[in-house]
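# Understanding the architecture of this molecule
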Amino acid sequence: MKLKYATLLILTILIACGEKTKSKKEIISEEIKAPHIVFVTGEEEYRSEETFPMLAKLAKRELGAKVSIAYSIDSSGFIDPNRTDHIEGLEALETADLMVVFIRFRNLPKKELDYITNYVESGKPIVGFRTTTHAFKYDNDATLTTYNEEWPAKVFGQQWITHHGHFDDGKFPVTDISIKEGKNDNPILNGFSEFEAYSWLYHVDGGDWKLQGDSKPILMGHSTKSQHEMNGKLDQFSLDNPVAWTKNYTGTSGKPARVFFTTLGHPYDFKLPVMRKIAMNGIYWALGKEDNIPKEGVNVTLDEPFEPNNSGFGQKFKKNQKPLTNF
């Protein structure tokens, strides 16, 4: 019996000695490890193929992040946001610490869809913009139609419903943006000041609709020009609606993911420092780095001019552009 206990003791000591103890330097290194942020762009209206490279450069500069961008690409290797059945570079999500996504009505092949949905189910954080409430549109495959409306509502807080109308696109702002009452202390709003946005207001809450999950609005929008007002439908679609919120999403991993979502996203909004601050502060918050957001907000001063094309469908994007891979 004594021999048995002695043998167990020796084995325990050997196992303990064989384990590699992490040094203080290794622990600190893990804590300050640069995050890998993957920006997924694939929508044909709001020029995210231009705004996301700008945000990626800011993320690299301010966070020291490794950044990757996935784009809709044509057969010649040029960026083509009108191509809905392919986004190149999604495999980067397998090693991502954060997905930032701005896509619209994509019908990706299952393998590409899986890169996105597997990431979402992992419990890692997500930042989403505007048309991602209607990220996918599968009309010819009954096994995938759940991604059209149910999936974005569950993950991001709402599906596509309606907006207040395509007025003055890029000519004049159409939505007044302010802090939701009681949310002044939210770190995502550090450095925020009220502004007029070019994004026409999305309806996400009120009437027959309600933001889903534990969505907590932090910014409100007021539509200054509304087709629903003209049509006498403000009882269904109020002139005031949330334009940014935080929530959690718990997928199959069982781990709750931080989600920051905003329905803003017009390319001209991103010419405004306040809009860039909302985006960058949201990225910090999603990564759990809200304590690192300065009181005046993340530094969003640009190192080079940012002059995106206006929003719009068809051929309004910049032609013959290759994916930006060198940051």
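Residues numbered from 1 in each chain as written. Predicted model: local features only at pLDDT ≥ 70, side-chain atom pairs only at ≥ 80, totals over all residues. Heavy atoms only, no water.

### Structural notes on the side chain of serine 311
- Looking at the secondary structure, you find serine 311 in the segment after α7 (273-286).
- Polar contacts involving the side chain of serine 311 include one to the side chain of aspartate 169, which spans 2.7 Å. (Helix = DSSP H or I, 4+ residues; strand = E, 2+ residues; numbered from the N terminus. Polar contact = N/O pair within 3.5 Å; in protein donor to acceptor, adjacent residues only side chain to side chain.)

### Some thoughts on the nonpolar core
- Core analysis: the biggest nonpolar cluster contains 85 residues, and Ile37, Phe39, Leu55, Leu93, Phe129, Phe136 and Ile283 have the highest contact counts within it.
- In contact with isoleucine 37, other than residues within four places in its own chain, are Ala59, Leu63, Ala65, Lys66, Val67, Ser68, Leu98, Val100, Ile283 and Leu287. (Core = buried A, V, L, I, M, F, W, Y, C linked by side-chain atoms within 4.5 Å. Buried < 20%, exposed > 50% of the residue type's maximum accessible area, 1.4 Å probe, protein only. Contact = heavy atoms within 4.5 Å.)

### A word on the confidence of the model for the protein chain
- Averaged over all residues, the pLDDT of the protein chain equals 92, while 90% of them reach at least 70.
- Scored below 50 in pLDDT, residues 1-30 shows 4 contacts in the model against residues more than four places distant or in partner chains. (pLDDT = per-residue confidence, 0-100.)

### Details of the environment of histidine 228
- Structurally, the position occupied by histidine 228 is in helix α6 (residues 227-230).
- Distance from histidine 228 to serine 238, taken between C-alpha atoms, is 8.3 Å for residues 10 residues apart in sequence.
- Contacts of histidine 228, omitting those with residues within four sequence positions, involve Thr162, His163, His164, Lys233, Leu234 and Phe237.
- For histidine 228, the side chain forms a polar contact with the side chain of threonine 162, separated by 3.0 Å.

### Some words on the pairing of strand β4 (residues 126-129)
- Neither face of β4 is open: one carries Ile126 and Gly128, the other Val127 and Phe129, and all of them are buried.
- Where β4 lies against strand β11 (residues 256-262), 4 bridges are found, and the strand directions are parallel. Within β11, the position partnered with valine 127 by the bridge is phenylalanine 260. (Pairing = 2+ DSSP bridges.)

### Topic: the packing of aromatic side chains
- Evaluated as defined, the whole model comprises 17 aromatic pairs.
- Measuring from centroid to centroid gives 5.9 Å for phenylalanine 102 and phenylalanine 129, while their planes differ by 20 degrees, and the two rings are stacked. Of this pair, phenylalanine 102 sits in strand β3 (residues 98-103) while phenylalanine 129 sits in strand β4, and the two are 27 residues apart along the sequence. Take phenylalanine 102 and phenylalanine 129: they sit in the same class, and that class is buried.
- An aromatic cluster of at least three residues, connected via ring pairs, comprises Phe39, Tyr46, Phe52, Phe102, Phe129, Trp200 and Phe270.
- The positively charged end of arginine 258 is found above the aromatic ring belonging to tryptophan 285, 4.6 Å away from the centroid.
- The side chain of lysine 322 reaches across the aromatic face of phenylalanine 78, ending 4.6 Å from its centre. (Phe/Tyr/Trp six-rings, centres within 6.5 Å; stacked < 30°, edge-to-face > 60°. Lys NZ or Arg CZ within 6 Å of the ring centre and 35° of its normal.)

### Details of the pattern of salt bridges
- Tallied over the full model, the rule gives 14 salt bridges.
- Between arginine 104 and glutamate 44 there is a salt bridge whose closest N-O contact spans 3.0 Å. Of this pair, arginine 104 sits in the loop between β3 and α4 (110-121) while glutamate 44 sits in the loop between β1 (36-42) and α3 (48-63), and the two are 60 residues apart along the sequence. Accessibility classification places arginine 104 together with glutamate 44 in one group, the buried group.
- Glutamate 290 is the partner of arginine 258 in a salt bridge, and the nearest nitrogen-oxygen pair spans 3.0 Å. Highlighted residues: arginine 258 in strand β11 and glutamate 290 in the segment after α7, separated in sequence by 32 residues.
- On the basis of relative accessible area, arginine 258 is assigned to the partly exposed category, the value being 27%.
- When salt bridges with common partners are traced through the structure, they connect Glu44, Glu45, Arg104 and Arg106 into a single cluster. (Salt bridge = Lys/Arg side-chain N within 4 Å of Asp/Glu carboxyl O.)

### Quick look at the sheet that holds strand β9 (residues 216-223)
- Ordered by their spatial adjacency, 9 strands build an open sheet running β2-β1-β3-β4-β11-β10-β9-β6-β7, and the pairing between neighbours is mixed. The two strands at the open ends of the sheet, each matched to only one other strand, are β2 (66-70) and β7 (195-197). Strand-to-strand, the axes of this sheet are offset by a mean angle of 25 degrees, without reference to chain direction.
- In terms of strand pairing, strand β6 (residues 175-179) meets β7 through 3 bridges, oriented antiparallel. Looking at β7, one finds that threonine 175 is bridged to alanine 197. (Axes fitted to C-alpha atoms, helices over the stretch in contact; angles between N-to-C directions.)

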